[in-house]
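# Residue-level structural notes
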Amino acid sequence: MADAFDLTGKIALITGASQGLGAGFAVTLARAGAKVALAARQTGKLAELQKQIEGAGGTAHAIAMDVTDAGSIRAAFDDAEAVLGPVDVLVNNAGIAIPKPFLELTEADWDAVLDTNLKGCFLAGQEAAKRMAGRHDGSTGGGSIINIASVLGLAPIGHLSSYCASKAGLIHLTKAMGLELARVGVRVNAIAPGYIETPMNSDFFHSPAGEKLIKGVPQRRLGQAEDLDGALLLLASDASRYMTGTVITVDGGFLLD
Ligand SMILES: NC(=O)c1ccc[n+]([C@@H]2O[C@H](COP(=O)([O-])OP(=O)(O)OC[C@H]3O[C@@H](n4cnc5c(N)ncnc54)[C@H](OP(=O)(O)O)[C@@H]3O)[C@@H](O)[C@H]2O)c1
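All of the points below concern the structure found in this document. Note that the structure is a prediction, hence the values are computed from the model and not measured.

The rules behind each value
- Residues numbered from 1 in each chain as written.
- Predicted model: local features only at pLDDT ≥ 70, side-chain atom pairs only at ≥ 80, totals over all residues.
- Heavy atoms only, no water.
- Helix = DSSP H or I, 4+ residues; strand = E, 2+ residues; numbered from the N terminus.
- Buried < 20%, exposed > 50% of the residue type's maximum accessible area, 1.4 Å probe, protein only.
- Polar contact = N/O pair within 3.5 Å; in protein donor to acceptor, adjacent residues only side chain to side chain.
- Contact = heavy atoms within 4.5 Å.
- Expected span 1.5 Å × (residues − 1).
- Near = heavy atom within 4 Å.
- Areas by Shrake-Rupley, 256 points an atom, 1.4 Å probe, with all protein chains shown as cover.
- 1 Å grid on protein atoms, 1.4 Å probe; cavity = no way out; pocket = protein on both sides within 12 Å on 5 of 7 lines; lining within 4 Å.
- Sits in = over half its atoms within 2 Å of the grid points.
- Nonpolar A, V, L, I, M, F, W, Y, C, P; charged D, E, K, R; others polar.
- Points joined across faces, edges and corners; volume = space filled by probe spheres on them.
- Core = buried A, V, L, I, M, F, W, Y, C linked by side-chain atoms within 4.5 Å.
- Salt bridge = Lys/Arg side-chain N within 4 Å of Asp/Glu carboxyl O.

Here Thr-15 lies in strand 1 (residues 11–15). Looking at Thr-15, the relative accessible area reads 1%, which means it is buried. Engagement of the side chain of Thr-15 in a polar contact is seen with the backbone nitrogen of Asn-93, the distance being 2.9 Å. A distance of 2.9 Å separates the side chain of Thr-15 from the backbone nitrogen of Ala-94, its partner in a polar contact. With sequence-adjacent residues up to four places away left out, Thr-15 is seen in contact with Ala-39, Met-65, Val-67, Leu-90, Val-91, Asn-92, Asn-93 and Ala-94.

As structure tokens, this is what we get:
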């Protein structure tokens with residue numbers, strides 16, 4: 001079964017690879033044999049990650065990319081393809097949150113979150129799909145676009161309305177893209193993580209408010225980045241060749257409560 005998730009010969013581009021889950025996804029995909037293009041704005045962190053992956057015997061290439069800028073996305077794909085070859089897997093992971101009560105949310109806050117989390121996935125997804133389209137005949141998994149959504153796109157919580165709306169939009173975009181792109185050999189699926197510990201949120205989850213949230217998770221623990229590996233490898237590999245338009249929740253049962 002381990003071979004089913006072998007990514008040897010595949011090229012994956014991960015947005016938001018400079019830290020947190022995106023950096024973890026890049027390491028996991030590289031370990032499974034993929035050559036990985038690491039895309040984000042903080043190029044110093046990407047260069048460090050490239051070194052780490054290469055040190056472990058993998059192949060990686062760091063690329064500056066701002067997902068809110070179509071020109072930057074196009075240039076990043078050109079760069080990735082020139083150095084590594086045609087991209088088979090796109091992980092649309094870049095995302096931001098601006099926690100605020102709804103009544104205090106500004107138009108600029110709204111635009112920043114929606115431009116990054118939803119429009120960014122449209123722009124990168126369309127760029128990837130244009131390049132993947134027609135390259136595969138349907139006998140293999142074809143091109144795979146993996147959108148990193150959130151359980152908050154399925155069930156909202158307070159003070160994150162723009163984030164929740166962006167992730168709900170991303171889940172529906174996943175289905176709409178899956179529907180249209182099936183005919184051209186491109187699959188589009190989403191992972192909806194629950195609460196996953198990263199360096200950015202670790203302090204919060206160890207505070208009394210964070211601990212209270214964890215008590216609401218049926219499995220009674222915070223997720224770790226590695227808990228997403230199963231869903232990631234499934235969707236990136238040909239093992240998911242008959243899956244498109246799906247949303248896989250990885251949340252310790254959070255949505256059941
Ligand atoms: N951690 C969780 O509990 C959790 C749960 C559900 C869903 N998620 C989702 O998982 C994804 C990663 O979250 P995380 O916790 O790893 O967050 P994080 O540590 O804050 O990392 C976010 C990443 O997004 C990149 N990014 C932000 N704006 C960008 C832009 N305009 N262009 C390119 N890259 C951009 C950042 O890179 P630069 O600053 O270098 O550009 C960074 O690498 C997000 O989509 C998030 O919504 C996280």
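In this section: unusual backbone geometry. A positive phi is found at His-159, a non-glycine position, where the angle reads about 65 degrees. Inspection of the secondary structure assignment puts His-159 in the loop between strand 5 (143–148) and helix 5 (161–181). Even without glycine at this site, Arg-220 takes up a positive phi of about 60 degrees. With respect to the secondary-structure elements, Arg-220 resides in the loop between helix 7 (208–215) and strand 8 (223–224).

This brings us to helix 3 (residues 70–83). Taking 1.5 Å per residue as the helical rise, helix 3 with its 14 residues ought to reach 20 Å, and the 20 Å between its terminal C-alpha atoms agrees with that figure. Residues of helix 3 that are buried sit in contact with strand 1, strand 2 (35–40), strand 3 (60–64), strand 4 (89–92) and helix 4 (107–132). Regarding helix 3, its N-cap is Asp-69, as a side-chain oxygen of that residue lies 2.9 Å from the backbone nitrogen of Gly-71 further along. Positive phi shows up at Gly-85, right after helix 3, with a value of about 115 degrees.

This brings us to the site of the ligand. Lining the immediate surroundings of the ligand are 29 residues, of which Ser-18, Leu-21, Arg-41, Asn-93 and Tyr-163 lie closest. A distance of 2.8 Å separates an oxygen atom of the ligand from a polar atom in the backbone of Asn-93. At 2.5 Å from an oxygen atom of the ligand is found a side-chain nitrogen or oxygen belonging to Tyr-163. When the ligand is considered free in solution it has 880 Å² of accessible area, and contact with the protein chains removes 90% of it. Spatially, the ligand is embedded in the largest pocket. For the shell around the ligand, the class distribution of residues is 13 nonpolar, 13 polar and 3 charged.

It is worth spelling out the environment of Pro-99 at this point. By the element assignment, Pro-99 lies in the loop between strand 4 and helix 4. Taking the relative accessible area as the measure of exposure, Pro-99 reaches 59% and is therefore exposed. Sequence separation between Pro-99 and Leu-181 is 82 residues, and the spatial gap between their C-alpha atoms is 34 Å. In this structure, Pro-99 is in contact with His-159 and Leu-160, ignoring residues within four places of it in sequence.

This part is about the layout of surface pockets. Left-over empty space is what a probe sized like a water molecule reveals as it rolls over the atoms. The calculated volume of the largest pocket comes to roughly 1,300 Å³. Lining the largest pocket are 43 residues; nearest its centre among them are Gly-95, Ile-96, Ala-97, Tyr-163 and Met-200. Elements with a minimum of two residues in the lining of the largest pocket: helix 1 (20–31), strand 2, helix 5 and helix 6 (202–205). Residue composition of the lining of the largest pocket, by class: 23 nonpolar, 17 polar and 3 charged.

The next point concerns the nonpolar core. Leu-29 and Val-36 are the most contacted members of the largest nonpolar core, which totals 33 residues. At the level of secondary structure, the elements contributing two or more residues to this core comprise strand 1, helix 1, strand 2, helix 2 (43–55), strand 4, strand 5 and helix 8 (229–236). A total of 7 residues in this core trace back to one element, the largest contributor, which is helix 1. Aside from chain neighbours lying at most four places away, what touches Leu-29 is Leu-7, Ala-12, Ile-14, Ala-34, Val-36, Val-91, Leu-232, Leu-233 and Ala-236.

Applying the stated criterion across every chain, the model contains 9 salt bridges. Here Arg-131 ties to Glu-81 by a salt bridge, and the two come within 3.5 Å at their closest N and O atoms. With Arg-131 in helix 4 and Glu-81 in helix 3, this residue pair connects regions lying 50 residues apart in the sequence. Each of the salt bridges in this network shares a partner with another, and the network as a whole consists of Arg-74, Asp-78, Glu-81, Glu-127 and Arg-131.

So far we have only geometry, and geometry alone does not tell us how the molecule works.
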